[in-house]
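If you want the building blocks of each chain, they are given just below.
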Amino acid sequence: MTHLSAFDLAIAALLVILLAILSARVQRDLAVQILIAALRTTVQLLLVGLVLKTLFTHVHWGWVGLMATFMLLVAGREVTARQARGLTRGWGIAVGTLSMFLSSFAVTLFALIAIIGTDPWYAPQYAIPLLGMLLGNTMSGVAISMDRLTQQAYQQRAEIEARLMLGQSSREALRDYKRDAVRAGLIPIINAMAAAGVVSLPGMMTGQILAGAEPVEAVKYQILIMFLIAVGTGLGTLAAVGIASRRLFDERQRLRLDRLQSARS
Amino acid sequence: MRLRAEGLRCEGLGPIDLAVEAGDCLCLSGPSGAGKTRLLRMLADLDPHQGSCYLDGVASARIPPPQWRKQVALLPAESRWWGVSVADHFPTDCLLELSSIDLPDKAWQWHVDRLSSGERQRLALLRVLANQPKVLLLYEPTANLDTRNAERIEALIADYQCNHQAAVIWVSHDAAQIARVSQRQLRIEQGRLLTTSEAAA
């Protein structure tokens, strides 16, 4: 693999700054957001590089667990950060974190133990990148589906309540919107699977090939990852929509929009 | 007593005590914002509240919410339609005839987008009656209808009220209508219930 120098990265960074300047003409906020996000990418990835280096030299399940928990908590926060109308009183973070824990952690553990069979099972070279890919994708699914569900519940409140008034249960009254939210959460991964190799070359596989791996081996890993991501995202989305929709109603099956935050632009 | 409410209260409204006999109609009026809608919503158990409601002596807490709302049915000012055809919004075993609201039988298959506001309003009432409620909470059921249709609706409600011994709470601003349909009248002002007249027997 050809090594990248700091100068090479600086050239790429210059392109991002150019993009920020261009978008400032459209909206000043947007430029700031791009720059902050780019800065975060740089700092976070450099840090994680150092952390991984340390983790690989001191293999211990405790450190791997700590890292995994940290990743999960950050993902939980990110899920709620861009919700137009999230659940109030920490429920948004709780639902997001719990559903990602259930799906990403379970799927990662299953893959490590039953499929890849690494030794030890928590080998950080496998566990951390795998969990990272799963969390990253599940996070989008969970965030999109929860956002869709709460938005729909707010916008269609008159319709949902009309159904309740006619004696439908809260479950029946919300069914269409739950279905819609789950589908919205799963569209990205379905698209990614459908377009893989034809439209896009998935990042992990590309990375392995750049690092000099045999393409067919890289492809096999990528297929495995795609499947794991699909399962993780699916389970996470179902769990999040399931728990969040219970929270939208109370014990008397009243629609409780007071449990949603007021609109954020 | 078919419907009884004790100490019904939410923020800025109540406490309200109220009772309606089977087969009786109570008219409710008052300026907008006084709490008419919120009172009906509390009775239908759609909003959190304090106090209790009883249907034929059974507390609402002892009746599952969907059953309660089928029996204490609220007809809101504006109806909502989520399905494609009219029939999608009725129980499959509905025995009611569309002729009772002056619509042809083929209207079951009509698309809801095509309905006029008057048709929507009449169908919304029929949709409520299809559940055979014991209590009707009506929010201006004839508000946008012409005289002929308003009379039909009044007759339909009166028939139902009599045949099913339903208790009716009717929000109306039309003094003539109030006198026609109700045995008792109450006014809500600033979240409080005032009696304006007793039954003119």
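Residues numbered from 1 in each chain as written. Chains lettered and ligands numbered in written order. Predicted model: local features only at pLDDT ≥ 70, side-chain atom pairs only at ≥ 80, totals over all residues.

## Concerning the overall build of chain A
Stated precisely, the cut-off is as follows: Helix and strand assignments come from DSSP, with helices taken as H or I runs of at least 4 residues and strands as E runs of at least 2, each series counted from the N terminus. Here exposure depends only on C-beta density: within 10 Å of a residue's C-beta, 20 or more other C-beta atoms make it buried, 12 or fewer make it exposed, and intermediate numbers make it partly exposed, the C-beta atoms being placed from the backbone. By the criterion used throughout, residues are in contact when their C-beta atoms, derived from the backbone, lie within 7 Å.
Counting its secondary structure elements, chain A contains 9 helices and 0 strands. Overall size of chain A, expressed as C-alpha extent along the three principal axes, is 65 × 50 × 40 Å. Counting every position in chain A, which comprises 265 residues, the buried fraction comes to 34%. Put simply, of all contacts in chain A between residues at least 6 apart along the chain, 73% involve residues at least 24 apart.

## Observations regarding the interface of chain B and chain A
What counts here: Under the scheme applied, nonpolar residues are Ala, Val, Leu, Ile, Met, Phe, Trp, Tyr, Cys and Pro; charged residues are Asp, Glu, Lys and Arg; polar residues are all the others, including Gly.
Contacts between chain B and chain A engage 17 residues on the former and 15 residues on the latter. For the side of chain B that touches chain A, the secondary-structure elements that each account for two or more residues are helix 2 (65-71) and strand 6 (72-75) of chain B. The element best represented in the side of chain B that touches chain A is helix 2 of chain B, accounting for 4 residues. The class makeup of the residues in the side of chain B that touches chain A is 9 nonpolar, 2 polar and 6 charged.

## Quick look at the pairing of strand 4 (residues 50-55) of chain B
Residues and elements named next belong to chain B. This is how the line gets drawn: By this definition, two strands are paired if DSSP reports at least two bridges between them.
Sheet analysis places strand 1 (residues 3-10) next to strand 4, joined by 5 bridges and oriented antiparallel. Across the sheet, the residue bridging to Arg-4 is Tyr-54, located in strand 4. Linking strand 4 back to strand 5 (residues 58-59) in an antiparallel pair, the connection comprises 2 residues, with Asp-56 at a positive phi of about 50°.

## Here we look at the environment of Gln-33 of chain A
Residues and elements named next belong to chain A. Relative to the helices and strands, Gln-33 resides in helix 2 (residues 28-57). When the 13 C-beta atoms within 10 Å are taken as the criterion, Gln-33 is described as partly exposed. Between the C-alpha atom of Gln-33 and that of Ala-20, which follows or precedes it by 13 residues, the distance is 8.6 Å.

## Description of the domain arrangement of chain A
Residues and elements named next belong to chain A. Rules: Domain limits in this description derive from either an automatic procedure or a database domain assignment.
Examined at the domain level, chain A breaks down into domain 1 (1-57) and domain 2 (61-259). Relative to domain 2, the C-alpha centre of domain 1 lies at a distance of 25 Å. With 5 residues of domain 1 at the interface, the matching set in domain 2 holds 9 residues. The residue makeup of the side of domain 1 that touches domain 2, split by class, is 5 nonpolar, no polar and no charged.

## Description of the sheet that holds strand 1 of chain B
Residue and element names in this part refer to chain B. The criterion, for reference: Under this scheme, a helix contributes an axis fitted over its contacting stretch, all axes are lines through C-alpha atoms, and angles between N-to-C directions fall in the 0 to 180 degree range.
Read across the open sheet, the 4 strands follow the order 2-1-4-5; overall the sheet is antiparallel. Two strands in the sheet have a free side with no partner beyond their single neighbour: strand 2 (13-20) and strand 5. In the sheet, strand 4 pairs with strand 5 via 2 bridges, with the strands oriented antiparallel. Bridge assignment links Tyr-54 to a residue of strand 5, and that residue is Ala-59. Strands in contact with helix 1 (residues 36-43) are strand 1, strand 2 and strand 4; relative to strand 1, the strand with the most contacts, it is inclined by about 120°.

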